[in-house]
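Descriptive structure summary
Read off the chains here:
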Amino acid sequence: MRKKQFWVGYAFIAPNLLGVLLFFVIPAAVSAVLMFTDWQFASPVFHFVGFDNIKRLLHDEQFYTSLANTALFLASVPVSIALAFLVAVVLNRSVYLKSLLRALYFLPYITNGVAVAFVWMLLFQPKLGPINGLLRSIGIENPPGWLTSPDSVMAAIDIIWIWFMLGYNMIIYLAALQEISPELLEAAKMDGARKRQVVFRIMLPLVSPTTFMLLVTGLIMSIKTFGIFEALTQGGPGSSSLILSLYVYKTAFRYYEIGYAAAISWALFAVILFITAIQWFGQKKWVHY
Amino acid sequence: MLFFAILTVLPFAWMISTSFKSPSEVFDFPISWIPANPVWEHHQKIWTGSASFVPYYLNSLKVSLISTIGATVLSALAAYGFTKVTFKGRDTLFVFYIAMMMIPPQVLFVPKFIIFKWLGIFNTHWALILPGMITIFGVFMMRQFFLSIPNEISESAYIDGAGHARIFLQMMLPLAKPALATLAVIDFSWHWNDFENALVFLISRELYTVPLGLQNFILEYNVDYNGMMAAASAGILPMLVVFFIAQKFIIQGLSGTAVKG
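A tally of regular secondary structure across chain B gives 13 helices and 0 strands. Along chain B, helices (α) and strands (β) appear in the sequence α-α-α-α-α-α-α-α-α-α-α-α-α when read from the amino end. Here chain B holds 261 residues, and 57% of them are scored as buried. Taking the contacts inside chain B whose residues are at least 6 apart along the sequence as the reference set, 71% of them involve residues at least 24 apart. With the model as given, the accessible surface of chain B reaches about 11400 Å², and the carbon-plus-sulfur share is 68%. In chain B, the 14 positive side-chain charges and the 13 negative ones have mean positions that sit 10 Å from each other.

Another point: the nonpolar core. Nonpolar side chains tend toward joint burial in soluble globular proteins. Counting residues in hydrophobic clusters, the biggest one holds 187 residues, and the most contacted among them are Met-170 and Phe-253 of chain A together with Tyr-97 and Met-142 of chain B. Excluding its chain neighbours within four sequence positions, the residues that come into contact with Tyr-97 of chain B are Ile-13, Asn-16, Leu-17 and Val-20 of chain A together with Phe-82, Ile-136 and Val-139 of chain B.

This paragraph deals with the packing of aromatic side chains. This structure, assessed with the given rule, holds 44 aromatic pairs over all chains. Plain terms: the ring middles of Phe-226 of chain A and Phe-109 of chain B are 6.1 Å apart, the flat faces sit at 85° to each other, and that makes the pair edge-to-face. Taken together, the residues Phe-226 of chain A in the loop between α11 (208-224) and α12 (227-232) and Phe-109 of chain B in helix α5 (residues 105-119) connect one chain to another. A relative accessible area of 0% places Phe-226 of chain A in the buried class.

Let us look at helix α3 (residues 61-74) of chain A. Residue and element names in this part refer to chain A. For α3, spanning 14 residues, the distance from its first C-alpha to its last is 20 Å, which sits close to the expected 20 Å at 1.5 Å a residue. Taken together, the buried positions of α3 are occupied by Phe-63, Ser-66, Asn-69, Thr-70, Phe-73 and Leu-74. One face of α3 carries all of its buried residues, which in axial projection span an arc of 135°.

Quick look at the interface of chain B and chain A now. Chain B puts 84 residues into the contact, and the matching count from chain A is 86 residues. Together chain B and chain A conceal approximately 7800 Å² of surface at their shared face, both sides included; 81% is due to carbon and sulfur atoms. Where chain B packs against chain A, one counts 0 salt bridges. The interface formed by chain B and chain A contains 10 residue pairs in polar contact (both at pLDDT 80 or more).

The next point concerns a nonpolar patch on the surface. All names here are of chain B. Among the surface-exposed residues, Trp-47, Val-54, Leu-58, Leu-61, Leu-65, Ile-66, Leu-237, Val-241 and Ile-245 lie close enough to one another that they form a single nonpolar patch of about 790 Å² accessible area. When contributions to the nonpolar patch are tallied by element, the ones reaching two or more residues are α3 (54-84) and α13 (225-260). Looking at which element gives the most residues to the nonpolar patch, the answer is α3, with 5 residues. Looking at where Ile-245 falls in the secondary structure, it is placed in helix α13. Residue classification places Ile-245 among the exposed residues on the basis of a relative accessible area of 71%.

Now for the confidence of the model for chain B. Residues and elements named next belong to chain B. Averaged over chain B, the pLDDT score is 86; the fraction of residues at 70 or greater is 95%. The lowest-confidence element of chain B is α13, averaging 78 in pLDDT; the highest-confidence one is helix α6 (residues 126-132), averaging 95. The complex prediction reports pTM at 0.90, with the ipTM value standing at 0.87.

Locating Ser-32 of chain B in the fold gives a position in the loop between α1 (2-19) and α2 (41-47). Along the chain, Ser-32 of chain B and Tyr-221 of chain B lie 189 residues apart, while their C-alpha atoms are 24 Å from each other.

For the rest of this paragraph, the subject is the side chain of Ser-67 of chain B. Looking at the element boundaries, Ser-67 of chain B is found in helix α3. In this structure Ser-67 of chain B touches Leu-128, Ile-129, Gly-132, Met-133, Asp-187 and His-191 of chain B, once residues within four positions along its chain are discounted.

Time to look at the packing of α3 of chain B against helix α12 (residues 210-220) of chain B. Residues and elements named next belong to chain B. As a packed pair, α3 and α12 sit with axes 8 Å apart at the nearest point and diverge in direction by 155°. Considered as vectors, α3 and α12 are oriented roughly antiparallel to each other. Listed contacts from α12 to Tyr-56, Tyr-57 and Ser-60 of α3 are Val-210, Pro-211, Gly-213 and Asn-216. For the contact of α3 with α12, the residue count by class is 4 nonpolar, 3 polar and no charged.

All names here are of chain A. Interhelical geometry of helix α4 (residues 76-93) versus helix α5 (residues 98-110) gives an angle of 160° and a closest axis separation of 10 Å. On the basis of the axis angle, α4 is roughly antiparallel to α5. The interaxial crossing formed by α4 with α5 has left-handed handedness. On the side of α4, the interface is formed by Val-87, Leu-91 and Asn-92, while α5 contributes Lys-98, Leu-101, Arg-102 and Tyr-105. Looking at the contact of α4 with α5, its residues break down into 4 nonpolar, 1 polar and 2 charged.

When pLDDT is averaged across chain A, the result is 88; 98% of the residues are at 70 or more. Between the elements of chain A, mean pLDDT differs from a low of 78, seen in α5 of chain A, to a high of 96, seen in α3 of chain A.

The general pattern is negative phi for most residues beyond glycine and trans for most peptide bonds. Residue and element names in this part refer to chain A. Cis geometry is adopted by the peptide bond preceding Pro-237, which originates at Gly-236 and carries an omega value of -10°. Mapped onto the elements of the fold, Pro-237 is located in the loop between α12 and α13 (244-253). Even without being a glycine, Tyr-256 presents a positive backbone phi close to 60°. With respect to the secondary-structure elements, Tyr-256 resides in the loop between α13 and α14 (258-286).

The subject of this paragraph is the side chain of His-191 of chain B. Residue placement: His-191 of chain B occurs in helix α10 (residues 177-193). Non-local contacts of His-191 of chain B, meaning those with residues more than four positions away in its chain, are made with Ser-64, Ser-67, Thr-68 and Gly-132 of chain B.

Cut-off values and rules
Residues numbered from 1 in each chain as written. Chains lettered and ligands numbered in written order. Predicted model: local features only at pLDDT ≥ 70, side-chain atom pairs only at ≥ 80, totals over all residues. Heavy atoms only, no water. Helix = DSSP H or I, 4+ residues; strand = E, 2+ residues; numbered from the N terminus. Buried < 20%, exposed > 50% of the residue type's maximum accessible area, 1.4 Å probe, protein only. Contact = heavy atoms within 4.5 Å. Areas by Shrake-Rupley, 256 points an atom, 1.4 Å probe, with all protein chains shown as cover. Lys, Arg positive; Asp, Glu negative; His and termini not counted. Charge placed at Lys NZ, Arg CZ, Asp CG, Glu CD. Core = buried A, V, L, I, M, F, W, Y, C linked by side-chain atoms within 4.5 Å. Phe/Tyr/Trp six-rings, centres within 6.5 Å; stacked < 30°, edge-to-face > 60°. Expected span 1.5 Å × (residues − 1). Arc of directions from axis to C-beta. Buried area = accessible area lost by both parts, 1.4 Å probe. Salt bridge = Lys/Arg side-chain N within 4 Å of Asp/Glu carboxyl O. Polar contact = N/O pair within 3.5 Å; in protein donor to acceptor, adjacent residues only side chain to side chain. Patch = residues over 30% accessible without salt bridge, like charges linked within 9 Å, V, L, I, M, F, W, Y side chains within 5 Å. pLDDT = per-residue confidence, 0-100. Axes fitted to C-alpha atoms, helices over the stretch in contact; angles between N-to-C directions. Parallel < 35°, antiparallel > 145°, perpendicular 65-115°, else oblique. Nonpolar A, V, L, I, M, F, W, Y, C, P; charged D, E, K, R; others polar. Left-handed = near helix turned anticlockwise from the far one by under 90°.

This is how it looks when you write it as C-alpha cells:
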C-alpha cells in the first residue's frame, strides 16, 4: 500500500516536477557554474576563472549604484501597503459603490506594464506633460524633469509603482478586514474607543499577518521586476535608474558577458534571501496570529 | 475616497482621450478630456494597415491560452498529489518547491536560453508556452484549496475502492471549479502581460506578442503620441474584458491565498 502510494503520488506530481527540473533546477545549477567562468555569448571557448567575477563585482561601481537604486525602488512597497490599508479601511465602511471602486483601484494591476509605461512617460513629459502643467498652474515654477533627470527619475518610478501596486494591496486588505468579527469592533466602540483608535489599535494589529504577507511577496516581486524599467528608461539617464535586475539583463543580453551576469544574478538572489530572512525573523515582533 | 479612485483611473482616462485627439491637442493644458473633434484614425491605424496589432494579438492569444490551460491542469494534478496522496518525502519536496520561488528569473534567463537552443525551441512560441505551463504559484494556490477539502471525503472513496485517478477526476475537479477558474484568469493575465520572457526568448518580429508589439511601436513611431495611446488602449482591452467578467473570481482567489496563506 505504502509503496503503491509512493508511485501514485509521484505520478500526479511528475509532469509539473519535470517542468520544475527543466526550467528551474537545471538552469539554476548551470547558472551557478557559469558564475565561475568568463564565457561570452559569441565565443565557444570559456575558462574557469575561480572567484574573479565575484571580486570584480565587489569593485564595480555600477553594481553599487544599482544596489542603491534597488533600495530606492523597494521603498515604494511599504508606502503602497500603508496607503492601501487606509483606502481599504475607508472602503470597508462605505457600502455604496464598493464593487465599482474596487474594480477601479484594481485596474492598474492587471494592465500591461508596457502600456502603463507609455502613458506615464507622456504624463511625466517635463515641458508639456499634464503633471508638470498642473504643478506650474499651482505656482511651482521649476517642476522636476521626472524621468529625464537623474535626480527625480527614481521618485517618478516610485510614484508609478505605488499606483501600480495599490489596488492589489487594497483588495487583499479588504478581504482581511472582512474577516474581523463585527462584535469585536462593536465592543471597542462601547468601551469608548475613538475611530482612530479602532483603526490603529485594533484593526492594524489584527491584519498584521496580511501586512507581513504583502510585504514579503511585494518586495520579492518588485526586486525581480525589470520590464517596466526597460520600457520607461532603460536604466537611464546615465545609470540613475539602473536596478539590479535590469543590470543582470543588460550585462547578459546587451554586453554578452554571461559569466559576469551570472555573478550579478546570484547577488540579486542573495539580496532576496537577505530581505526575506530579516522579515522572517523580525515578524515575531509585530505579527500577531 | 472617490477622489482617490478617480486619481487611479485618470491615467487611463487620459490615455483613451488622447487616442482620439489630433496631434496638436495632445498636451493641451488644462487637459481637454473630451476632444472637440474625435479622431478615429489612430485606432484605425492600430487595427488595419502596416502597423496592425492583429498578428501580435493572435500570437498573444495562442501563447496565453495554451500556457494557461497547461498550467491549470498541471497545477491541479500536482496539488492533488501534494495533498491527497500520502507518500514519503512529500512535504520535503513541497518545501523545495517553495524555495524555488525565491530564485529570481534573472538567474535562469541565460541557462534557459541555452536549454531552449538545445531543445530547438528558442525563438519559437514554445519557448514561452512550455515554461509557462509550470507555475509554482499555481501549485501553491491549488494546494491551499485542496487542503480546505476534508481528507475524509477522498479517503472514504479510496476505501470504497475508487482509485486516485477517479477521485481526482470525478470528485476533486468538479469541487475545484471555482479555484480552477480563478487560477486560469490570474494565469492568463500574467501571460498576456508578460514582457520580460518575450523580450529574452523571441527575436523574429512575426512571433512578437502584444507587449513586444507595443514596444516595437514606440521605437518606430516615437513621436506619434496619439498612436501610442491608441496602441496602449488596444493592449489593455482584452484584460479589461476578462477582468470585468471574472472580477469576483480574481479578487476572491487572490485574497484567499494571501489572507489564509
